[in-house]
Amino acid sequence: MSEGKTNIAPVADHQRDRFATASLRVAHWIERPAFWLGASSAWLMLALALLIVFDAFGRRYIRTWSFVIENDWHVLINSPMFQDAEWHLHTIVTFCALGYAHARHAHVRLDLFRPGFKPRTKLWIEWLGGVVLFMPFMAIFCFYAYMYFDLAWLSNERAGDTNGINHRWFIKFFIFLGPLSLLMAGAASLIRLTVRLF
């Protein structure tokens, strides 16, 4: 009788270990797009900085140069396309960083009470917050962000003739993609918490 019990425990532990290993592997692959998206879009900060410098310098100095005025280039320097490109790039960088920041645990935390809790209590708070608040909120947000993008795509939403960059669906796609990467990073965190807790 006791031999049967001792044989069952190692089998159950082995199955639990295999399940935990598989779960962690899934979590790793789920958050890979968030890492890739965040790291890739970080390079856009350089383009954004250069664009802002050129726009500011051009509006302040270049548009007043005589050869710019004579050739009607001051209209190009004053183009709202530059401001549109600035906020487009800023939006892309910000939204693409959401999942990356969560996966790297670089997001803002307001830990007033948490430092005094035991490690296991902290894990339970993280897990319950993820299941009850984070995942449902992000799923709803992603759903409506997709609808927002889809409407712009289907209607081929455009800016006015003198109002900057066309194809508004492009920027609205990132309003969906960024939170989707955050949702995936959150799901990966929840899988890891589940493995640690159960």
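Conventions used here
Counting restarts for each chain: residues are numbered from 1 in the order of the written sequence. With pLDDT at 70 or above as the cut-off, local features in this predicted model cover only qualifying residues; side-chain atom pairs require 80 or more to be listed or tallied, and sums for whole chains, interfaces and linings still use all residues. For the side-chain quantities, the full set of heavy atoms in the structure was used; hydrogens and water were omitted. Residues enter a nonpolar core if they are buried and are Ala, Val, Leu, Ile, Met, Phe, Trp, Tyr or Cys, with the set joined through side-chain atoms within 4.5 Å. Note on exposure labels: buried denotes an accessible area under 20% of the residue type's maximum, exposed denotes more than 50%, and partly exposed covers the range between, all computed with a 1.4 Å probe on protein chains only. Helix and strand definitions follow DSSP, with helices as H or I runs of at least four residues and strands as E runs of at least two, each counted in order from the N terminus. Note on definitions: a residue-residue contact is assigned when non-hydrogen atoms from the two residues lie within 4.5 Å. Only Phe, Tyr and Trp rings take part, Trp by its six-membered ring, and two of them pair if their centres are within 6.5 Å. Stacked means planes under 30 degrees apart, edge-to-face means over 60, and tilted covers everything else. Here a salt bridge means any side-chain nitrogen of Lys or Arg lying within 4 Å of a carboxyl oxygen belonging to Asp or Glu. Axis lines are fitted through C-alpha atoms, for helices just across the contact stretch, and the angle between N-to-C directions can take any value from 0 to 180 degrees. The labels follow the angle: roughly parallel below 35 degrees, roughly antiparallel above 145, roughly perpendicular from 65 to 115, and oblique for the rest. Gly counts as polar in this scheme, as do all residues outside two lists: the nonpolar Ala, Val, Leu, Ile, Met, Phe, Trp, Tyr, Cys and Pro, and the charged Asp, Glu, Lys and Arg.

So, on to the nonpolar core. Burial of nonpolar side chains together is a common tendency in soluble globular proteins. Counting 14 residues, the largest nonpolar core has W127, M135, L183, L190 and L193 as the members making the most contacts within it. Only helix 6 (119-154) and helix 7 (168-197) provide two or more residues apiece to this core. The element best represented in this core is helix 7, accounting for 8 residues. In contact with L193, other than residues within four places in its own chain, are L123, E126 and W127. By size, the runner-up hydrophobic cluster in this structure holds 6 residues, among which are L37, C96, I171 and L177.

Our focus in this paragraph is the packing of aromatic side chains. Inspection of every chain in the model, using the stated rule, returns 15 aromatic pairs. When the centroid spacing of 5.3 Å and the interplanar angle of 75° are considered together, the rings of F170 and F174 count as edge-to-face. With F170 and F174 both in helix 7 and 4 residues apart, the pair spans about one turn of that helix. Residue classification places F174 among the buried residues on the basis of a relative accessible area of 12%. Their ring planes at 75° and their centres at 5.7 Å tell us that F173 and F174 sit as a pair that is edge-to-face.

Taken as a whole and judged by the stated rule, the model has 3 salt bridges. Between R192 and E31 there is a salt bridge whose closest N-O contact spans 2.8 Å. Of the two residues, R192 sits in helix 7 while E31 sits in helix 1 (residues 2-42), which places them 161 residues apart along the sequence. Look at R192 and you get partly exposed, because its relative accessible area is 28%. For E157, the salt bridge identified is with K172, shortest N-O distance 2.7 Å. With E157 in the loop between helix 6 and helix 7 and K172 in helix 7, this residue pair connects regions lying 15 residues apart in the sequence.

Excluding glycine, a negative phi dihedral is what most residues carry, and trans is how most peptide bonds are arranged. Unlike most non-glycine residues, H105 shows phi in positive territory, near 60°. If you trace the backbone, H105 turns up in the loop between helix 5 (80-103) and helix 6. A positive phi angle, close to 50°, is found at N156, a residue other than glycine. By secondary structure assignment, the location of N156 is in the loop between helix 6 and helix 7.

In this section: the packing of helix 5 against helix 7. Direction vectors running N to C along helix 5 and helix 7 enclose 10°, while the axes themselves pass 7 Å from each other. Taken together, the axes of helix 5 and helix 7 are roughly parallel relative to one another. Contacts between helix 5 and helix 7 involve D84, W87, H88, T91, I92, F95, C96, L98, G99, H102 and A103 from the first element and R168, F170, I171, F174, I175, G178, P179, S181, L182, A185, G186 and S189 from the second. Considered class by class, the residues forming the contact of helix 5 with helix 7 number 13 nonpolar, 8 polar and 2 charged.

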